[in-house]
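Overview (structure and organization)
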Amino acid sequence: MPTGSISSSKDAVGVAVVNYRVPVCESRQDVLQNCARIAKMIEGAKRGYPGLDLIIFPEYSTQGFHPEKWQDLTTTLDGPEVKVFKEACKKNKVFGIFSITGEKHPAGLNPYNTMIMVTDQGEVNYTYRKIFPWTPQEPWTAGHETGVAIGPKGLVVGGVICYDGNMPEVVRDTVMKGAELVVRIQGYMYPAKEQQIKVACVRAWENNCYMAVANMAGRDLVYSYFGHSNIIDFDGSVLGECGTSPDELTYATLSLTAIRDARKHWTAENHLYNLLHRGYTSEPRGHATCPFDFYKTWVNEPRKAAAQVELLTRDADAPEEASGDVIEPPPQSKLISQTLAAANGSAAVAKAANGLAGLKLAAARGAAAAGADMIVHIGAPLKTDKTGSAVAPAVQGCTHLTPEHPPQETTQLAPRNLACPAPANELERRAQGCLEGLKLQRFRLPFDRLTQHVAKDIVSVAKDVFSELRDVELRASWFLACYTKCLFKAVKGLDALQQYNLHATASLLERHQRTI
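Residues numbered from 1 in each chain as written. Predicted model: local features only at pLDDT ≥ 70, side-chain atom pairs only at ≥ 80, totals over all residues. Heavy atoms only, no water.

**Side note on the overall build of the protein chain**
Note the threshold: A helix here means a DSSP run of H or I that spans at least four residues, while a strand means a run of E at least two residues long, and both kinds are numbered starting from the N terminus. Note on classification: 1.4 Å probe, protein chains only; a residue is buried when its accessible area is under 20% of the maximum for its type, exposed when over 50%, partly exposed between these limits. When checking whether two residues touch, look at their non-hydrogen atoms; a contact exists if any pair is within 4.5 Å. Under the convention used here, a 1.4 Å probe and the Shrake-Rupley method define accessible areas, while residue burial counts only the protein chains that appear.
The helix and strand tally for the protein chain stands at 15 helices and 18 strands. Looking at the protein chain residue by residue over its 516 residues, the buried ones come to 45%. Sequence separation of at least 24 residues holds for 70% of the intrachain contacts in the protein chain that already meet a minimum separation of 6. Roughly 26,300 Å² of accessible area belongs to the protein chain as shown, and the carbon and sulfur atoms make up 54% of that amount.

**Focus on the nonpolar core**
Our working rule: Here, nonpolar core means buried Ala, Val, Leu, Ile, Met, Phe, Trp, Tyr and Cys residues that are tied together by side-chain atoms lying within 4.5 Å of each other.
Core analysis: the largest hydrophobic core is formed by 55 residues, its most contacted members being Ile-56, Ile-97 and Leu-181. The element contributing the most residues to this core is strand E9 (residues 210–215), with five residues. Ranked by size, the runner-up nonpolar core spans 25 residues in total, among them Ala-16, Cys-35, Val-82 and Val-118.

**As for the sheet that holds strand E14 (residues 248–255)**
Going by this rule: We treat two strands as partners when DSSP finds at least two bridges between them. Fitted lines through C-alpha atoms give the axes, limited to the stretch in contact for helices. The angle between two N-to-C directions lies from 0 to 180 degrees.
Spatially, the six strands line up as an open sheet ordered E5-E4-E3-E2-E1-E14, and their pairing is mixed. The strands lining the two open edges of the sheet, one partner per strand, are strand E5 (124–129) and E14. Pairwise comparison of adjacent strand axes, ignoring direction, gives a mean angle of 20° for this sheet. In this structure, strand E3 (residues 95–103) lies alongside strand E4 (residues 112–118), joined through seven bridges in antiparallel fashion. Bridging across to E4, Ile-97 finds its partner in Met-117. In the packing of helix H2 (residues 80–92) onto the sheet, the strands contacted are E3, E4 and E5, and the crossing angle to E3 comes to about 175°.

**Side note on a negative patch on the surface**
Applicable threshold: Only residues whose relative accessible area exceeds 30% and that form no salt bridge enter a patch; like-charged residues are grouped when within 9 Å of one another, and nonpolar side chains (Val, Leu, Ile, Met, Phe, Trp, Tyr) when within 5 Å. For salt bridges, the criterion is a side-chain nitrogen of Lys or Arg within 4 Å of an Asp or Glu carboxyl oxygen. By the counting rule applied here, Lys and Arg register as positive and Asp and Glu as negative, while His and the ends of each chain are not counted. A single reference atom marks each charge: NZ on Lys, CZ on Arg, CG on Asp, CD on Glu.
On the surface, Glu-310, Asp-315, Asp-317, Glu-320 and Glu-321 cluster together into a patch of negative charge. Within the fold, Asp-317 resides in the loop between helix H8 (302–312) and helix H9 (334–344).

**With respect to H2**
This is how it is decided: By this rule, a helix spans an expected 1.5 Å times one less than how many residues it contains. In this description, the arc belongs to the directions extending from the helix axis to the C-beta atoms.
Given a rise of 1.5 Å per residue, 13 residues ought to cover 18 Å, and the 19 Å separating the end C-alpha atoms of H2 matches this to within 8%. Considered for burial, the residues of H2 that qualify are Glu-81, Val-82, Phe-85, Ala-88, Cys-89 and Asn-92. Projection of H2 onto a plane perpendicular to its axis shows the buried side chains occupying an angular sector of 125°, all on one side. For H2, the exposed residues lying more than 90 degrees away from the buried face are Lys-83, Lys-90 and Lys-91. Where H2 is buried, its residues touch helix H1 (28–48), E3, E4 and E5. Directly beyond the C-terminal end of H2, a positive phi value near 55° is found at Lys-93.

**Examining the packing of helix H7 (residues 293–300) against H8**
Rules: Roughly parallel refers to an angle under 35 degrees, roughly antiparallel to one over 145, roughly perpendicular to one between 65 and 115, and oblique to any angle outside these ranges. Each residue gets one of three labels, nonpolar for Ala, Val, Leu, Ile, Met, Phe, Trp, Tyr, Cys and Pro, charged for Asp, Glu, Lys and Arg, and polar for the others, Gly among them.
For the pair H7 and H8, the least separation of the axes is 5 Å and the interaxial angle reads 130°. If you check the angle between H7 and H8, you find them oblique. Taken together, the residues of H8 that come into contact with H7 (itself represented by Phe-294, Thr-297, Trp-298, Val-299 and Asn-300) are Pro-302, Lys-304, Ala-305, Gln-308 and Val-309. Each residue belonging to the contact of H7 with H8 can be placed in one class, and the counts come to six nonpolar, three polar and one charged.

**Concerning the state of the cysteines**
Using the following cut-off: Counting rule for disulfides: a pair of cysteine sulfur atoms within 2.5 Å.
In the structure shown here, the tally under the stated rule is zero disulfides. The cysteine Cys-25 is free of any disulfide, with Cys-35 supplying the nearest cysteine sulfur at 8.0 Å. Look at Cys-25 and you get buried, because its relative accessible area is 4%.

**Structural notes on the packing of aromatic side chains**
Cut-off, in case you're wondering: Pairing of aromatic rings covers Phe, Tyr and the six-membered ring of Trp, with a centre-to-centre limit of 6.5 Å; geometry is then stacked below 30 degrees between planes, edge-to-face above 60, and tilted otherwise. Comment: the charge-over-ring label is applied if NZ (Lys) or CZ (Arg) is within 6 Å of the ring centre and within 35 degrees of the ring normal.
Under the definition given, this model contains 18 aromatic pairs. Ring plane angle 65° and centroid distance 5.7 Å describe the contact between Phe-65 and Trp-140, whose orientation is recorded as edge-to-face. With Phe-65 in the loop between strand E2 (52–56) and H2 and Trp-140 in the loop between E5 and strand E6 (148–150), this residue pair connects regions lying 75 residues apart in the sequence. Given the relative accessible area of 5%, Trp-140 is considered buried. Their ring planes at 80° and their centres at 6.5 Å tell us that Tyr-223 and Tyr-225 sit as a pair that is edge-to-face. Classification of Tyr-225 as buried rests on a relative accessible area of 7%. By the ring-pair criterion, three or more aromatic residues cluster together here, those being Tyr-20, Phe-57, Phe-85 and Phe-98. Arg-129 extends its terminal NZ or CZ atom over the ring of Tyr-112, reaching a point 4.9 Å from the ring centre.

Pasting the structure below:
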């Protein structure tokens, strides 16, 4: 319907929605002062828009929502707050829709989040309690039914509150009870601005009904509210819309003839008729039975329907209490991992390099006691002698020892003529220094004093060092490639040491630590 005027007629209902400034009420006195402010706004709106028939205020516009004192601010439908609204509507000869958060529960449960409509005679003729309190924040007890009432000039009015509007079933059920105008009062905050503006248009279009949305604006102790109260035609187009400023008001007229004519004569977009007359172009009057399995289950076996939803989503109110695996995000890209490691991991790399050098030294000691043949290239298989005992291949530069002949003289444990490239940076210089020191070490380890405990400790050190090296993933990998003959002999030596099940004493371990 065309808009732009401030008047109305017998066929046109003048409706205003208010971007009410969110109140912060600390006491019942604050609430009553706020109610007086609302009454003055009604008076001013009627003076400015003489065609005004219905004025709509948002959810939380009466008591606000104090995060700590909300229970102290509850009231009843015959309380002093409602009395102020009744007097204002009667005085100005307008209908008004108001929010009560919360309405005391008769059974002592948490309060309701309630909408009321007051007539131009000062009587409450409609009460609706929010069916879907907003989770996880709102403490209100859920309502259980929709409803409608006769508004100004015979317009049939129904209501939903805030999050209810996200559920298409609530608006559809209200419309199926006869609503021509569905009022949505809300206290919606950022960041859901765009979605909530759009959903009002969608609900109007899919239900062939007018929508009038009143939203809060400004900031309270917790949230910032985006306003954008609006009035939507039954074709989904916007008749009027506020901005984001507090206390803005917009006005439009709703034609009784237009909506009633459309519901009777529209065909292709008559969503209400078509829903219950599926395929009437093929079979007269079509099909009225519900084709939706979920809704059938919901009506006949609600717990079964709930179980289906839990399988689709989660099986507990709190996500952290729900069963199932926690979905971990994928790791960072290799580029980022390497970049961060290069920037922050030089100390860890140096530690890994030193640890590897010490590991080789420790493994070489144990191998010297058990037989230098244990120090082999990676991949070199162990052989067995005629008796079936394991025999490791000999390595150039190492004296052959056996358990029957433990070393009594110093024995060189590393190959003699290893060529190392010139160090490229401090890491390579330190690594080369470790290797050169290893080549010069000579040990005398009595074979009969070795213990299995030392062998286990050496294996543990090897695992820790190599694990740390893999995590760092830096130039240590280049270092290993350059010196693989020296470093990986230590690993094979440890493996052979385990197979021979040799032993070393604690005193030998201390000597090993001093040498490193």
